[in-house]
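# Survey of secondary and tertiary structure
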Amino acid sequence: MTLAAEDKLLETVLQEYKILTEYERLQSEDLGGVYVTPSYDNPFLWFGVIFVRGGLYKGGVFRFSVLLPNLFPNDSAIPVITFQSEVFHPLIRSADGVLDLSDAFPKWRAGETYIWQILKFVQFVFQSLEEHTIQTEEVANRDAYEMMHDNRAEFMRRVEQCIDESQSKLYDLPPKPDKNYICFDRFNPEVHGPILESMKQNKVAEVTTPPSSGLSWVRKGLYQPLTK
């Protein structure tokens, strides 16, 4: 291996280590209802889902991806958050589902900006949208912004439509196969019941039949993840 190749390998290892550090940092932050995991095949792509617990979008279960810039974190470019289903939201472009982060995060500052902050912002704009001051001259979805202020009933109808659609897509398989894609099973009393009871009692139950894909499931009608 040439010296140049060794330097490139070291650079790649260091970059992936920094990405892993960003992911580990999430564990200590209050991101209730927000779940993310890096792709098995691509450390620059993360899969996410937010279970909205309050606000105008309460009950929504919105899947999204986080795409890190090629030079992350040694670049001023901000990661790209893209929602997989249509979300009628003033800060989300209807054409491609990209969340506008420019107002809160004009550029990435290594050592000052972290991915957990971006995910907190995602949580905030769903659960506390009306508390956020939107720069109207460059709003991502002007129709949603104007409707939220001028035609509240129609705005809420569109939001409810998005919430219903998001719930219907909760159990969808990944667009492209990936071992780390966040999947949920429908609640099965025979399979998940013992685990649920053990969680309530804060102890490990003996489970003879494991779930088909991990220990994550969502009970019908509640749309809350129950994981062990």
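Here the structure is a predicted model, which is why all the values come from computation and not from measurement.

## Digging into the confidence of the model for the chain
Interpreting fine coordinate detail is not advised for predicted regions of low pLDDT. Across the chain, pLDDT averages 84, with 84% of residues at or above 70. Of all secondary-structure elements in the chain, the lowest mean pLDDT belongs to strand 7 (residues 225-227), at 48, while strand 4 (residues 80-83) reaches the highest, 97. This stretch, residues 204-216, has a pLDDT under 50; its non-local contacts, to residues over four places away or in other chains, come to 24 contacts.

## Describing the sheet that holds strand 4
Sheet architecture is open: 4 strands sit in the order 1-2-3-4, paired in antiparallel fashion. Each having just a single partner strand, strand 1 (34-38) and strand 4 make up the two edges of the open sheet. Across this sheet, the average inter-strand angle for adjacent strands is 25 degrees, counted without regard to direction. Relative to strand 4, strand 3 (residues 61-67) is paired through 4 bridges, and the arrangement is antiparallel. When the bridges of strand 4 are listed, Leu 67 appears paired with Val 80.

## Some remarks on the pattern of salt bridges
This model, assessed by the stated rule, comprises 4 salt bridges. Note that Arg 152 and Glu 130 form a salt bridge whose closest N and O atoms lie 2.4 Å from each other. Taken together, the positions of Arg 152 in helix 4 (residues 152-168) and Glu 130 in the loop between helix 2 (115-127) and helix 3 (142-150) put the pair 22 residues apart, joining distant regions of the chain. A salt bridge links Arg 157 to Glu 154; the nearest nitrogen and oxygen atoms lie 2.7 Å apart. Here Arg 157 and its partner Glu 154 are both found in helix 4, 3 residues apart, which amounts to about one turn of the helix. Assessed through its relative accessible area of 43%, Arg 157 is described here as partly exposed.

Reading guide: rules and limits
Residues numbered from 1 in each chain as written. Predicted model: local features only at pLDDT ≥ 70, side-chain atom pairs only at ≥ 80, totals over all residues. Heavy atoms only, no water. pLDDT = per-residue confidence, 0-100. Helix = DSSP H or I, 4+ residues; strand = E, 2+ residues; numbered from the N terminus. Contact = heavy atoms within 4.5 Å. Pairing = 2+ DSSP bridges. Axes fitted to C-alpha atoms, helices over the stretch in contact; angles between N-to-C directions. Salt bridge = Lys/Arg side-chain N within 4 Å of Asp/Glu carboxyl O. Buried < 20%, exposed > 50% of the residue type's maximum accessible area, 1.4 Å probe, protein only.

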